[in-house]
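# Observations on chain architecture
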Amino acid sequence: MTNFHDQSLTLNTYSLLQLPAAGKLPKDITNLYPPAICKGSGLWQNTAGPSNIDTARWLDIVNDKPTTTGALSTSPSLADNVVYIDEELNFLIQQYGNAANSRGIKGYELDNEPDLWHHWADVNNGSGTHYNLYPNLTTVGDIFQRNIALATTVKRMDATAQTYGPALSGYLGLFSLWAVWDGVQSHQPADWANYNVEPFATNNTGDRYRYNGMTLANAYLSGMKQASQAANQRLLDVFSFHYYPQASYTPIDRVQAARSLWDANYVEPTWITQTGNGFTDGRGLQIVPKLKQAIADFYPDTKLAITEYDFGGRDDISGAIAQADALGIFGKQGLYLATYFGDAEGFIASGFKIFRNYDGNKSVFPEISVQAISSNNANGAVYAAVSAADPNTLHIIAINRLATSLSTSFQITNPTSFKTAQVWGVSGTNTAITARTGVSNIASNKFSYRLPASSVMHFVLTP
């Protein structure tokens, strides 16, 4: 953790550190990770767990160190078979200061993907990510209790730190904490009937698509609000989830996939939107606006974060399009934080650089969002922004999702009269962002431009 945060300090960026809540941690790193994701011979999966003979390789997690065991130490015992979370936090605070300090760690996530911890055993031979560590099927109440207890410890140690949860793995987690969908039926936690009720289902509106089925999100937000009121302090600062789109396996699908984050008119071709499956039943997923509605209804002023995401396409221009489209949506929709899961390489890096280093001199898409609307979201997307330091320079990012060039017309309503535009972009098979033909004939704040096939273009308009 100190290595990670030291790097964050060097890069002047935000550290979000994960704290454990599932009850156990491995003592050693030998065979810790399996050779294949979620399968193999790693300690998480197929060797020792709490229920079998190799328990000597596991430690207990205790949030708050009892006073009878001594004061918090920055050199804790390696022989007591316990990890104390408050002692860990104390170590980090001693090292860097609290979150209000310029070097302090700003955010802590309350474990990771609890909807995947356990082994599903009787369903499709499903294997969770930590089924030896967590051999029992997870319940909603269990996750609530663990998140509340851990958040309470974080806030006791550092009231200025931000807490993130529940870090669910995707739509099914938001739907019912965990569910195994086999095309016929879904399987939910044992206590799901306690939560699959009003007000969590529709907020007593009768509109079963008010949240597009993301009922667990509502119950979690409500539970954290109630616990916060009882504790007389906010225990959840940021609602977090992970997003790996179900429809991004081909370039054709990938360039559209980010629209599921917001666009009511985009119905992705997946089991989530398929009519009759009981999720959106032919409606657009609209995952971010629906979760923002959930926050407004059940725990106002909670921030929203996607703490893992990946649209794929590292080796294809569709990856740059999806990544750039996602960044534009994150800004336009007001996400607090989003973290890409993986190495930003190839066309993924291009999708970031078109916002953060489009000219090779670290020039950036600025911080104040300006309304920007595309007349055809299936063909393209548009995002715009200005900076407080230079409000008379307008930045526009325009995306062409099509495999053919696209003739576009820009119409700008702005008190500034723009005259010219420099243009940079990425397209084709080259990951490099290059200067393109600019615009020298802007008249009455209108101009036309032919976007290259499958491209992301960054326009910088000046008076």
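Up top is the structure these notes are about.
Residues numbered from 1 in each chain as written. Predicted model: local features only at pLDDT ≥ 70, side-chain atom pairs only at ≥ 80, totals over all residues. Heavy atoms only, no water.

### Digging into the overall build of the chain
Inclusion rule: Here a strand is any run of E in DSSP of at least two residues, a helix any run of H or I of at least four, and the numbering for each starts at the N terminus. Taken over C-alpha atoms, the radius of gyration is set against a globule rule of 2.2 Å times the number of residues to the power 0.38. Only protein chains enter the area calculation, which uses a 1.4 Å probe; residues under 20% of their type maximum are buried, those over 50% are exposed, and those in between are partly exposed. Only heavy atoms matter for contacts: two residues are in contact if any of them lie within 4.5 Å across the pair. For every accessible area listed, the method is Shrake-Rupley and the probe measures 1.4 Å; residues are considered covered only by the protein chains on display. We treat Lys and Arg as the positive residues and Asp and Glu as the negative residues; His and chain ends play no part in the count. Charged side chains are reduced to one point each, which is NZ for Lys, CZ for Arg, CG for Asp and CD for Glu.
Assigned secondary structure in the chain consists of nine helices and 17 strands. Relative to the 2.2 N^0.38 estimate, which gives 23 Å for 463 residues, the radius of gyration of the chain is 24 Å and therefore close to what a compact globule would have. With the C-alpha coordinates aligned to their principal axes, the bounding extent of the chain is approximately 75 × 50 × 45 Å. The buried share among the 463 residues of the chain stands at 52%. Residue pairs at least 24 apart in sequence account for 65% of intrachain contacts in the chain once pairs closer than 6 positions are excluded. Summed over its atoms, the accessible surface of the chain is roughly 20,600 Å², and 50% of this surface lies on carbon and sulfur atoms. Looking at the chain, you have 30 positive and 37 negative side-chain charges, and the mean spots of the two groups are 8 Å apart.

### Considerations on empty space enclosed by the protein
Rule in force here: Cavities and pockets are defined on a 1 Å grid built over the protein atoms alone: a cavity is a set of grid points where a 1.4 Å probe fits but cannot escape, while a pocket is an open set with protein on both sides within 12 Å along at least five of seven lines, and lining residues are those with an atom within 4 Å of any such point. Grid points are joined across faces, edges and corners, and a volume is the space filled by probe spheres set on the points.
Taken as a whole, this structure holds one cavity of 30 Å³ or more when the rule is applied. The space that makes up the largest cavity amounts to roughly 40 Å³. As for the largest cavity, its lining consists of Val-140, Ile-143, Phe-144, Pro-166, Leu-168, Leu-177, Leu-216 and Tyr-220. For the lining of the largest cavity, the secondary structure elements donating two or more residues are helix H3 (140-157), strand S6 (162-168) and helix H5 (215-231). At three residues, the largest contribution of residues to the lining of the largest cavity is made by H3.

### Things to note about the nonpolar core
Buried together is how nonpolar side chains tend to be arranged in soluble globular proteins. As a reminder of what qualifies: Among the buried residues, those of types Ala, Val, Leu, Ile, Met, Phe, Trp, Tyr and Cys that are joined through side-chain atoms within 4.5 Å form a nonpolar core.
Formed by 96 residues in total, the largest nonpolar core has its most connected members in Phe-239 and Ile-287. The element best represented in this core is helix H8 (residues 317-333), accounting for nine residues. Leu-406, Ile-412, Ala-421 and Met-457 belong to the second-largest nonpolar core, a separate cluster that totals 21 residues.

Coordinates in, geometry out; function isn't part of it.
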